[in-house]
Amino acid sequence: MGFLVNRDATLLRNFFKEAAKLRGIQVNYQYPIDMELSNYGEENPIGFSEPVEMDIIFDENPNIRTLKKYGWVTESGGDQPYIANLPYDAKNLCKGCRIIIPSPLLPSGTTVSDRIFVVTDIHSNLEFPEAWACKVAPVFSDKPKPQSVENKIKTSNDNYLKVKL
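Residues numbered from 1 in each chain as written. Predicted model: local features only at pLDDT ≥ 70, side-chain atom pairs only at ≥ 80, totals over all residues. Heavy atoms only, no water.

Details of the side chain of Asn28
Here is step 1 of the chain: As for its position among the elements, Asn28 is in strand β1 (residues 25–30).
Here is step 2 of the chain: The residues touching Asn28, leaving out its near neighbours within four places in the chain, are Pro51, Val52, Glu53, Arg98, Ile99 and Ile100. (Helix = DSSP H or I, 4+ residues; strand = E, 2+ residues; numbered from the N terminus. Contact = heavy atoms within 4.5 Å.)

Considering the pattern of salt bridges
Here is step 1 of the chain: Counted by the stated rule, this structure contains three salt bridges.
Here is step 2 of the chain: For Lys17, the salt bridge identified is with Asp89, shortest N-O distance 2.5 Å. Highlighted residues: Lys17 in helix α1 (residues 6–23) and Asp89 in the loop between β5 (82–87) and β6 (98–101), separated in sequence by 72 residues.
Here is step 3 of the chain: Relative accessible area serves as the criterion here: at 37%, Lys17 is assigned to the partly exposed category.
Here is step 4 of the chain: Residues Arg115 and Glu60 are paired through a salt bridge, measuring 3.0 Å at the closest nitrogen-oxygen approach. Of this pair, Arg115 sits in strand β7 (residues 115–124) while Glu60 sits in the loop between β4 (52–59) and α2 (64–70), and the two are 55 residues apart along the sequence. (Salt bridge = Lys/Arg side-chain N within 4 Å of Asp/Glu carboxyl O. Buried < 20%, exposed > 50% of the residue type's maximum accessible area, 1.4 Å probe, protein only.)

Looking at unusual backbone geometry
With glycine set apart, most residues show a phi of negative sign, and most peptide bonds adopt trans.
Here is step 1 of the chain: Even without a glycine there, the phi angle at Asn92 is positive, about 50°.
Here is step 2 of the chain: Mapped onto the fold, Asn92 is located in the loop between β5 and β6.
Here is step 3 of the chain: The class of Asn92 is partly exposed, set by a relative accessible area of 45%.

Remarks on the sheet that holds strand β8 (residues 131–138)
Here is step 1 of the chain: Here six strands make up a closed barrel; going around it, the order is β1-β4-β5-β8-β7-β6 and the pairing antiparallel. Each adjacent strand pair in this sheet contributes to an overall mean axis angle of 45°, direction not counted.
Here is step 2 of the chain: Pairing of β1 with β4, which is carried by five bridges, proceeds in the antiparallel orientation. In the strand pairing of β4, Tyr29 is matched with Val52. (Pairing = 2+ DSSP bridges. Axes fitted to C-alpha atoms, helices over the stretch in contact; angles between N-to-C directions.)

With respect to the pairing of β8
Here is step 1 of the chain: Relative to β8, β5 runs antiparallel, the two being bridged by six bridges. Counterpart to Pro87 in the pairing with β8 is Ala131.

Brief notes about the packing of aromatic side chains
Here is step 1 of the chain: For the structure shown, the criterion picks out five aromatic pairs.
Here is step 2 of the chain: Aromatic side chains Tyr29 and Tyr31 sit 6.3 Å apart centroid to centroid with 40° between the ring planes, which places their arrangement in the tilted category. Like Tyr31, Tyr29 is buried.
Here is step 3 of the chain: Ring geometry for Phe58 against Phe117: centres 5.2 Å apart, planes inclined by 50°, an arrangement best described as tilted. With Phe58 in strand β4 and Phe117 in strand β7, the pair connects residues that are 59 residues apart, well separated along the chain. Just as Phe58 is buried, Phe117 falls in that class too.
Here is step 4 of the chain: Within the aromatic cluster, the residues linked to one another by ring pairs are Phe58, Tyr82 and Phe117.
Here is step 5 of the chain: Across the ring face of Tyr88, the terminal group of Arg13 is positioned such that the distance to the ring centre comes to 4.0 Å. (Phe/Tyr/Trp six-rings, centres within 6.5 Å; stacked < 30°, edge-to-face > 60°. Lys NZ or Arg CZ within 6 Å of the ring centre and 35° of its normal.)

Quick look at the structure:
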């Protein structure tokens, strides 16, 4: 097995783009503009870029062999993550990027039925460097804002047991 040179890697990347155009789906890709970290190390993106149209290969049900190849081992068959294969020229690809799959039934611009995913892990196959393999998770809604907890403890104890004598 020989090493890939610049021309071979470019050729493979163009093959992936053509395969994604033929076999994949067209999505809107957004990357975080500014990222701030919480006290617990969670990424909290402040804003996102304008959506960029991109062709990707989206796998909702990857097999165990594919997951082992990237080192994403799951404990059971039901815990399989979604995998999105993005081209190498995806701008500013990092954790926290969003992939928006528009609904084929409703017109574009209605965000109610769009499926939104966030990139949680990125991996590359160095044997054939044609695309980024990204583990994605669905975004159901924005993070809830912290709420204050009301103190409902009474100062007096007026709970009595009714015991028949």
